[in-house]
Amino acid sequence: MNSSLEQSFVSQLQEHQNIIHKICRLYTSDEDAHKDLFQEITIQLWKAFPQFRGEAKFTTWAYRVALNTAITLYRKKTKSVSTIEFDGKIHKFSHDEYNYEEEEQIKLLYKAVHQLNDIEKALVFMYLEDKDYTEIAETLGISEVNARVKMNRIKGKLKKIVNP
Amino acid sequence: MDELDLLKKDWKKNESQYPKVSEQEIYAMLHKKSSSVVKWIFIISVLEIMLWTAISTLTADESYLKTLEHYHISSLMNIFTAVNYGVIAVFIFLFYKNFRNINTTDNVKSLMKNILRTRKTVQYYIWYNLGMIGLTFITIMIATFKYDNRINEIVARSSSTDGNTLFWIVLIGFTFIFFVVIFGLFWLFYRLIYGFLLRRLHKNYEELKKIDL
């Protein structure tokens, strides 16, 4: 692949790297796994980049490829890791106003999200990213109705985990 | 507020807290393909030693062992074999270490350093093997001239005739050509197998050099 293509890819990815970090945050439980998945997604995006024709936005395309990687490719490699307990380390990203009760609840919520399956995590991720159901459905290759049903089920699951 | 909205609030708050991966680091990730080349070097070296072991086990029949005894190089050959396996084991370990290093590297500079190191290891490995082949060949040739009855007979017969010098020239010439052919075949074998992988590593190295400027 030629170097100008590579350059354009690297600069766009660098600019929008938060997408990948956020996915890693939901799919991994420690720093090493985060780095590992980040690299895996980067490589998959680069492999898929020649097919990206700029019809969609880079970010929309990146969401799709990155999530697919997290769901399929990464799952194969780290089946055993996916159930590791969330240790709260990822939550080091800080808080200005300290609300102990809320903080505890958020911690619990992240822990709960980590217990969801990979598709459910993808749905949560897109929801947190303010994507509407049309885009969620399109990215995950399911129908809009199905996406809504799944989302409601996830909300129920989370509620149960947080308030047993 | 439902649970997910609470999570969303926190999610947005952390937007700027993620680690920043530099362009250089992204380039390094893309050029990790070196790790698959290095993995192949490791795999092939293991397969190669298995091939040679299989060949030498299959061909080492009784008459071969007797010949070695007769040539007085039986124990010398055993020493060669033992040393050879030892040295090759060290090389295989180095190939594995290179593979592990490249796999865990995440910056351009050390990736380049690791590629260079791997190339050097492979080059040393090839030269070691060719050297060993040369040494074994020369040892066997000397032993043949010294102890082989048929050769000695021919030598004795020719020495008593007039064309003495010519005979030696032809004999040495043929031995030399035989040596060059054998050596050349092994050289070609290594060039074909490892040369291809080395070229890919080199290409990748050149691309990394451009990035690192």
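Being a predicted model, the structure only gives us computed values, none of them experimental.

Rules used throughout
- Residues numbered from 1 in each chain as written.
- Chains lettered and ligands numbered in written order.
- Predicted model: local features only at pLDDT ≥ 70, side-chain atom pairs only at ≥ 80, totals over all residues.
- Heavy atoms only, no water.
- Axes fitted to C-alpha atoms, helices over the stretch in contact; angles between N-to-C directions.
- Helix = DSSP H or I, 4+ residues; strand = E, 2+ residues; numbered from the N terminus.
- Parallel < 35°, antiparallel > 145°, perpendicular 65-115°, else oblique.
- Left-handed = near helix turned anticlockwise from the far one by under 90°.
- Contact = heavy atoms within 4.5 Å.
- Nonpolar A, V, L, I, M, F, W, Y, C, P; charged D, E, K, R; others polar.
- Salt bridge = Lys/Arg side-chain N within 4 Å of Asp/Glu carboxyl O.
- Buried < 20%, exposed > 50% of the residue type's maximum accessible area, 1.4 Å probe, protein only.
- Polar contact = N/O pair within 3.5 Å; in protein donor to acceptor, adjacent residues only side chain to side chain.
- Buried area = accessible area lost by both parts, 1.4 Å probe.
- UniProt positions renumbered as here; feature names shortened; annotations may be inferred.
- Core = buried A, V, L, I, M, F, W, Y, C linked by side-chain atoms within 4.5 Å.
- Patch = residues over 30% accessible without salt bridge, like charges linked within 9 Å, V, L, I, M, F, W, Y side chains within 5 Å.
- Areas by Shrake-Rupley, 256 points an atom, 1.4 Å probe, with all protein chains shown as cover.
- Phe/Tyr/Trp six-rings, centres within 6.5 Å; stacked < 30°, edge-to-face > 60°.
- Lys NZ or Arg CZ within 6 Å of the ring centre and 35° of its normal.

### Quick word on the packing of helix α5 (residues 100–115) of chain A against helix α8 (residues 144–162) of chain A
All names here are of chain A. Running from N to C, α5 and α8 point in directions that differ by 125°, and their axes come no closer than 9 Å. What the angle tells us is that α5 and α8 run oblique. At the point where α5 passes α8, the crossing takes the right-handed sense. Residues Gln105, Leu108, Leu109, Ala112, Val113 and Gln115 of α5 lie in contact with α8, whose contacting residues are Leu158, Ile161 and Val162. Of the residues contributing to the contact of α5 with α8, the split by class is 7 nonpolar, 2 polar and no charged.

### Brief notes about the pattern of salt bridges
Applying the stated criterion across every chain, the model contains 10 salt bridges over all chains. Through salt bridges with shared partners, a single network forms among A:Asp130, B:Lys8 and B:Lys12.

### Regarding helix α6 (residues 118–128) of chain A
Residues and elements named next belong to chain A. The buried count for α6 comes to 10 of 11 residues, which makes it a mostly enclosed element. If you check which residues of α6 are buried, you get Asp118, Glu120, Lys121, Ala122, Leu123, Val124, Phe125, Met126, Tyr127 and Leu128. Near the N-terminus of α6, the side chain that reaches the backbone nitrogen of Ile119, with its oxygen 3.0 Å away, is that of Asn117. Note on α6: the residue one or two positions beyond its end, Asp130, has a positive phi of about 65°.

### Structural notes on the interface of chain B and chain A
A common measure of how large an interface is: the accessible area buried when the components associate. Contacts between the two partners involve 29 residues from chain B and, on the opposite side, 41 residues from chain A. Carbon and sulfur atoms make up 61% of the area that chain B and chain A hide from each other, which totals about 3,600 Å². Considering only the surface of chain B that becomes buried against chain A, B:Glu3, B:Leu4 and B:Trp11 emerge as the three largest contributors, covering 21% of it. Our enumeration of links across chain B and chain A arrives at 4 salt bridges. Taking the shortest distance from any N to any O, the salt bridge between B:Lys8 and A:Asp130 comes out at 2.7 Å. On the surface where chain B and chain A come into contact, there are 11 residue pairs in polar contact (both at pLDDT 80 or more). Among the elements of the structure, α1 (3–13) and α2 (23–30) of chain B are those that each provide at least two residues to the side of chain B that touches chain A. Counting residues per element, the side of chain B that touches chain A draws most heavily on α1(B), which supplies 11 residues. A per-class count over the side of chain B that touches chain A returns 12 nonpolar, 4 polar and 13 charged.

### Quick look at the UniProt feature "transmembrane region" (unreviewed entry) in chain B
Taking the numbering used here, the UniProt-annotated feature "transmembrane region" (unreviewed entry) corresponds to residues 37–55, 75–96, 125–145 and 165–190 of chain B. Taken end to end, residues 37–55 of chain B has its terminal C-alpha atoms 26 Å apart, with 100% of it in helix and 0% in strand.

### Looking at the nonpolar core
Formed by 58 residues in total, the largest nonpolar core has its most connected members in A:Ile23, A:Tyr27, A:Leu45, A:Trp61 and A:Phe125. No other element matches helix α4 (residues 58–77) of chain A, which puts 9 residues into this core. What A:Phe125 contacts, discounting residues up to four positions off in sequence, is A:Ile19, A:Lys22, A:Ile23, A:Leu26, A:Tyr63, A:Leu67 and B:Trp11. Core analysis: the second largest hydrophobic core is formed by 34 residues, B:Val37, B:Phe95, B:Tyr205 and B:Leu208 among them.

### Examining the packing of helix α2 (residues 17–27) of chain A against helix α3 (residues 31–48) of chain A
Two packed helices can be described by the angle between their axes and the distance between those axes. All names here are of chain A. Between α2 and α3, whose axes approach to 9 Å, the crossing angle comes to 130°. Of the possible angle classes, the one that applies to α2 and α3 is oblique. Relative to α3, α2 is oriented so that their crossing is right-handed. Touching Gln17, Ile20, His21, Ile23, Cys24, Arg25 and Tyr27 of α2 are His34, Leu37, Phe38, Ile41, Thr42 and Leu45, all from α3.

### Some thoughts on a nonpolar patch on the surface
A surface patch of nonpolar side chains, about 480 Å² in accessible area, is lined by B:Phe176, B:Ile177, B:Val180, B:Val181 and B:Leu185. Take B:Leu185: its relative accessible area is 53%, and that puts it in the exposed class.

### Points about the packing of aromatic side chains
The description of an aromatic ring pair rests on the distance of the ring centres and on the angle between the ring planes. Summed over the entire model, instances satisfying the criterion amount to 25 aromatic pairs over all chains. For the ring pair A:Phe49 and A:Phe58, a centre distance of 6.4 Å and an interplane angle of 70° mean the geometry is edge-to-face. Note on A:Phe49: relative accessible area 4%, which makes it buried. In this structure A:Phe58 comes out as buried when scored by relative accessible area, which is 7%. Cluster of aromatic residues (ring-pair linked, three or more members): B:Trp52, B:Phe91, B:Phe95, B:Tyr125, B:Tyr128, B:Phe186, B:Phe189, B:Tyr190 and B:Tyr194. The ring of A:Tyr127 has B:Lys8 sitting right over it, with the charged end atom 4.5 Å from the ring centre.

### Points about unusual backbone geometry
Most peptide bonds take the trans form, and the phi angle of most residues other than glycine is negative. Not every positive phi belongs to a glycine, and A:Asp130 is a case in point at roughly 65°. Residue placement: A:Asp130 occurs in the loop between α6 and α7 (133–140). Judged by its relative accessible area of 47%, A:Asp130 is partly exposed. Although it is not a glycine, B:His72 adopts a positive phi angle of roughly 60°. With respect to the helices and strands, the residue B:His72 is situated in the loop between α4 (62–70) and α5 (74–104). Given the relative accessible area of 55%, B:His72 is considered exposed.

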